[in-house]
Amino acid sequence: MRQTLRLTKAELRRLLMNKKTYIMMVISIFVISLGYLEFVRGLGDRFFNPSRLSTLDNIVFPFSLGTLGGSLIWGIAIILDADRIVKNRARDMINAFTDERRTSLARIIAYSIIILITFLISLIVYLPICYQRMDYLFSYQAYVIYPLIMVLPGCIMTLFICDGLYKLSQNMSVSIFIFLLLTIVQFTSLIDDNFFLRWNSPIASDISDAFGSPTVIRILLYTRVLLFAGSLFFWTVSCLFIRKYQYGIFRSFLFRIKSPAAIILPMTFAAITAFMVLKQPFIAHTPVVSLEDGGYMETVDVSDTEAVYARYKTTLNFNTLLGTVKGVDECFINKVMDDKITFNMGPGYKVKSITLNGEPMEFESSYDMEDNYNTYFGNKKYVIRNPEKKSGELKIVYEGYPALGRSIFASEGYMNPDVISRDYIGLSWQHQGAIYANAGGAEKELYVNVPANHIPLIEADEMTKVKENDDGTVCWRINYYVGNLISGAYKADKVSYSKKNVFFKYSKKYTDAVKANKLDEAISSVLDYCDKHVGPLNTYDYEDEANHDVRILQTSAESIGGYAGNGAVVMSEHFLSPQTLSDSKAGTNMNEVFMHEIIHLYWGDLGLLLDDDGLWSAEGLTVFTTYRIVKEKYGELYANQYYVEQWKKEVKYLKNNFYYRHPEYIDKLPAGYRSAIETSVTDIKRYRLMPLMLLKAQEKLGGEEAMDKVLQEMYSKNMEYQMSGTYCTFQDFLDIAGLTEEDLNIE
């Protein structure tokens, strides 16, 4: 070890005295700055999966790019250094005094120290830029932890991999070629979405400004350790091929493999890598199935007469550091008609024990390949053996990390809504305990123990505070059938609205943004206007249920998108991000952009389902409705200047576009240019051309009142479309309005 340290000092001194080292440091730091160029960010969308609507992307994307650039620079540099020693015929002389493994390790450590220095300088250089870009959402903790997890491990792993490649090939060109090939392969369709294989080009799914994205950090940490163990395995194996003087590659390998120590080290790293691959908690090791192969009602065939449950209670405890859940399901069975009891459990959970009246029960688990619905979501089927048909208190204890089903990952990539952190907990229905096919009519009681600063809900339903626990958590309770658990450190505003109570709950970090942009007022304006001119807000109320309050909830960015159900309007925090609030496509003032998103409660997946054909879309109707609200609030002059005139200007640009007028030529362009042009054309058609066509339809119909009647009739059919699984088309609108497509042509 002392000899390795002495060699490291000598190697580090050599690097610090070399001008090329400082040039490489400057280039490595400069590469990070490219991540702030919009052109580069556009190219990187596919390869690095940045969350463009998160201010944290101003840290994650540039430093992801810096990891890639730095690894290329330092990886090639260490190959050139290893080759220099061979070409100078100094290797055999050095090996006469010390083992080549020590010199290689010393070189890698020296380079790692240089990389660390470069990294620290980068943090200082880009701190003002990130601070300015992230504004009130800036976090010093996030600024350090994301680059630290991505850059240093990625570059140091590259050193081991490149040094190992040269040891195997003993050829500079071959080593660099293989290294570049391995890097490029990460961006192919085979690997680009698999974060477990992205060693020097780390990717991150949607990241949260408000709640810290602990899931993303856990994934990055886990994969960094896994890949680091893999790179050490590769390097220690390559050391077995170090050439002995006057020995070839195979004779050298046979000579070195005789030493037990030489085998133990790579086998240890191989075992660590294999163990971490098999035990990774993020994606469940479940069969891959398609929902198209069969539905829940068709495939699930569980007897309705297995048992009758008088009580049904679930208690959930959360480890906010590790992101794990420990749960206890208790139910009282007062009547048993079968010798088995079946239930499903969400992916990632492991059942620790099952007892009936305190006695352990035998059970078995498997994935039911005839139940495509549960298997698609990764839910495992459990069968409890009860040959004596005993009744009484059934207790199931389980724990684990709420994982994503492999079928979902295979079809959609990593987008797991189940998040457990200090400031936010989101838990879907499948991760809230045992799922019985038939609970005998028993109503479930759910108890959750969450941090004291949390406000937990089952979507729109408030929970009741039960007690404060000794560990600093608070126990909350609710009776419910099914729903997503949402719990966070929220600020709650009661919005002024005449027909229902409307509560807007959002992260306390967004308090200033909500106040500055008058978002409470924007919500009121949208609801009042749309109720009057479009139709009542669809909160999915039923005749035999209480009329729920409306709750607009901000969820973590990791819970992608939004939905409406049972009185809740759930929106990802991206709807409140500075980028969304300043999106010129959706409005001019910041609160107008937020109004645009609220209007999607009526036009889009949360209200009337529209068939998006590239022109007719929910976006066009929403922009038009925003224009109408703005006209009513700020006057016709303002609405014409900032909406109608802007629409006409960009539609004129579209009409003058050669490829729009001659679409037959667009296929001759390179894929990148073709994609950019098609995206630009589609955006203008949705956000500018369609609103202009709707404005022309309004003029043809005779004014706003006539247009309102058409929109109201169209919107009133929303439940019909949802029940039939169809979408409202452009032709449906034309038929209701009594117009033709030619009537709405824009010259």
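Residues numbered from 1 in each chain as written. Predicted model: local features only at pLDDT ≥ 70, side-chain atom pairs only at ≥ 80, totals over all residues. Heavy atoms only, no water.

A few words on the confidence of the model for the protein. Per-residue pLDDT for the protein has a mean of 84; in total, 89% of the residues score no lower than 70. Of all the helices and strands in the protein, helix α12 (residues 296-299) carries the lowest mean pLDDT, 39, while helix α2 (residues 19-34) carries the highest, 95. Counted against residues more than four places away or in other chains, residues 294-304, with its pLDDT under 50, gives 15 contacts. (pLDDT = per-residue confidence, 0-100. Helix = DSSP H or I, 4+ residues; strand = E, 2+ residues; numbered from the N terminus. Contact = heavy atoms within 4.5 Å.)

The strands that make up a sheet are held in pairs by hydrogen bonds between backbone atoms, and each pair lies either parallel or antiparallel. If you walk across this open sheet you meet the 5 strands as β9-β10-β16-β12-β13, and the pairing is antiparallel. Either end of the sheet is taken by a strand with one partner, and the two such strands are β9 (419-420) and β13 (461-462). Where strand β10 (residues 424-427) lies against strand β16 (residues 485-488), 4 bridges are found, and the strand directions are antiparallel. Within β16, the residue paired with Leu 427 across the bridge is Leu 485. (Pairing = 2+ DSSP bridges.)

What follows deals with the environment of Ile 32. With respect to the helices and strands, the residue Ile 32 is situated in helix α2. By relative accessible area, which is 5% here, Ile 32 ends up buried. Separated by 90 residues in the primary sequence, Ile 32 and Ser 122 place their C-alpha atoms 8.2 Å from one another. The contacts of Ile 32, once residues within four sequence positions are left out, are Pro 62, Phe 63, Gly 66, Ser 122 and Tyr 126. (Buried < 20%, exposed > 50% of the residue type's maximum accessible area, 1.4 Å probe, protein only.)

This part takes up the sheet that holds strand β6 (residues 363-366). Strands sit in the order β3-β7-β6 across an open sheet of 3 strands; the sheet is antiparallel. Every other strand in the sheet has two partners, leaving β3 (340-345) and β6 as the edge strands with one partner each. Taking the axes of each pair of neighbouring strands and ignoring which way they run, one obtains an average angle of 20 degrees across the sheet. Bridge count between β6 and strand β7 (residues 380-385): 4 bridges; the pairing is antiparallel. Following the sheet pairing, Ser 365 is matched in β7 by Tyr 382. (Axes fitted to C-alpha atoms, helices over the stretch in contact; angles between N-to-C directions.)

The subject of this paragraph is the packing of aromatic side chains. The tally for this structure, following the rule as stated, stands at 33 aromatic pairs. Among the aromatic residues, ring-to-ring pairing joins Tyr 36, Phe 63, Tyr 126, Tyr 131, Phe 138, Tyr 140 and Tyr 143 into one connected group. Residue placement shows Lys 313 over the ring face of Tyr 447; its charged tip is 5.0 Å from the ring centre. (Phe/Tyr/Trp six-rings, centres within 6.5 Å; stacked < 30°, edge-to-face > 60°. Lys NZ or Arg CZ within 6 Å of the ring centre and 35° of its normal.)

Glancing now at the packing of α2 against helix α4 (residues 57-87). Relative to each other, α2 and α4 sit at 155 degrees, their axes nearing to 7 Å. One element, α2, and the other, α4, form an angle in the roughly antiparallel class. Read as a crossing pair, α2 and α4 show a hand that is right-handed. Of α4, the residues touching α2 (which contributes Thr 21, Met 24, Met 25, Ile 27, Ser 28, Val 31, Ile 32 and Leu 34) are Pro 62, Phe 63, Leu 65, Gly 66, Gly 69, Gly 70, Ile 73, Trp 74 and Ala 77. (Parallel < 35°, antiparallel > 145°, perpendicular 65-115°, else oblique. Left-handed = near helix turned anticlockwise from the far one by under 90°.)

Note on placement: Gln 280 falls in the loop between α11 (260-279) and α12. Judged by relative accessible area, Gln 280 falls into the buried class, the value being 9%. Within the structure, the side chain of Gln 280 is placed 2.9 Å from the backbone nitrogen of Phe 282, a separation counted as a polar contact. (Polar contact = N/O pair within 3.5 Å; in protein donor to acceptor, adjacent residues only side chain to side chain.)

Let us look at a negative patch on the surface. On the surface, Asp 611, Asp 613, Glu 741 and Glu 742 cluster together into a patch of negative charge. When you line up the elements, Glu 741 lands in the segment after α25 (730-737). (Patch = residues over 30% accessible without salt bridge, like charges linked within 9 Å, V, L, I, M, F, W, Y side chains within 5 Å. Areas by Shrake-Rupley, 256 points an atom, 1.4 Å probe, with all protein chains shown as cover. Salt bridge = Lys/Arg side-chain N within 4 Å of Asp/Glu carboxyl O. Lys, Arg positive; Asp, Glu negative; His and termini not counted. Charge placed at Lys NZ, Arg CZ, Asp CG, Glu CD.)

Attention now goes to a positive patch on the surface. Together, Arg 2, Arg 6, Lys 9 and Arg 13 make up a positively charged patch on the protein surface. Looking at the secondary structure, you find Arg 2 in helix α1 (residues 2-16). The exposed category is assigned to Arg 2, whose relative accessible area is 69%.

At Gln 170, a position not held by glycine, the phi torsion is positive, near 55 degrees. As for its placement among the helices and strands, Gln 170 is situated in the loop between α7 (140-169) and α8 (172-185). Note on Gln 170: relative accessible area 21%, which makes it partly exposed. Phi at Asn 357 is positive, roughly 55 degrees, even though this residue is not glycine.

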